[in-house]
Amino acid sequence: GVIQVSANNYQGGRLVTEHLINLGHKKIGIIGENTKTPYSANKKAGFMDVMKEHGLKIREEFLIISESEQERKRLLENLMKQEKISQTSINWTC
């Protein structure tokens, strides 16, 4: 038989967002390459649902999606300067 192991990406998106909220973070976003795959779309959906459940604003400028790593870095650096925020990093590939 065939054995397959897969992740529940929606639940993963929920868990990481809940964790950040429990740490006191309110300005939470996504940095990734692509949200068009089902895996990434499910992670993003989990993130969005938890943000809404906690009454936290989902800010478009905090959703940094680009195929270019240099572009993602540039957008993040600009956002950090504009918002005067520090970087909290969790490696979550979209």
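Residues numbered from 1 in each chain as written. Predicted model: local features only at pLDDT ≥ 70, side-chain atom pairs only at ≥ 80, totals over all residues. Heavy atoms only, no water.

Participant: I'd like a rundown of the side chain of arginine 72, residues and numbers included.
Facilitator: You can see arginine 72 is positioned in helix H3 (residues 69-83). Of note is the side chain of arginine 72, whose polar atom sits 2.7 Å from the backbone oxygen of serine 66. Look past the residues within four positions of arginine 72 in its chain and what remains in contact with it is Ile31, Gly32, Glu33, Ile64, Ser66 and Glu67. (Helix = DSSP H or I, 4+ residues; strand = E, 2+ residues; numbered from the N terminus. Polar contact = N/O pair within 3.5 Å; in protein donor to acceptor, adjacent residues only side chain to side chain. Contact = heavy atoms within 4.5 Å.)

Participant: Tell me about the pattern of salt bridges, and name the residues and values.
Facilitator: Any two side chains of opposite charge can pair if their charged atoms end up close together. Here the structure, examined in full by the defined rule, presents three salt bridges. Between arginine 14 and glutamate 53 there is a salt bridge, and its shortest N-O distance comes to 2.9 Å. Pair noted here: arginine 14 is in helix H1 (residues 9-22) and glutamate 53 is in helix H2 (residues 38-53), with a separation of 39 residues, a long-range link. In this structure arginine 14 comes out as buried when scored by relative accessible area, which is 17%. Given a relative accessible area of 51%, glutamate 53 falls into the exposed group. Glutamate 61 is the salt-bridge partner of arginine 59, the closest N and O atoms lying 2.7 Å from each other. (Salt bridge = Lys/Arg side-chain N within 4 Å of Asp/Glu carboxyl O. Buried < 20%, exposed > 50% of the residue type's maximum accessible area, 1.4 Å probe, protein only.)

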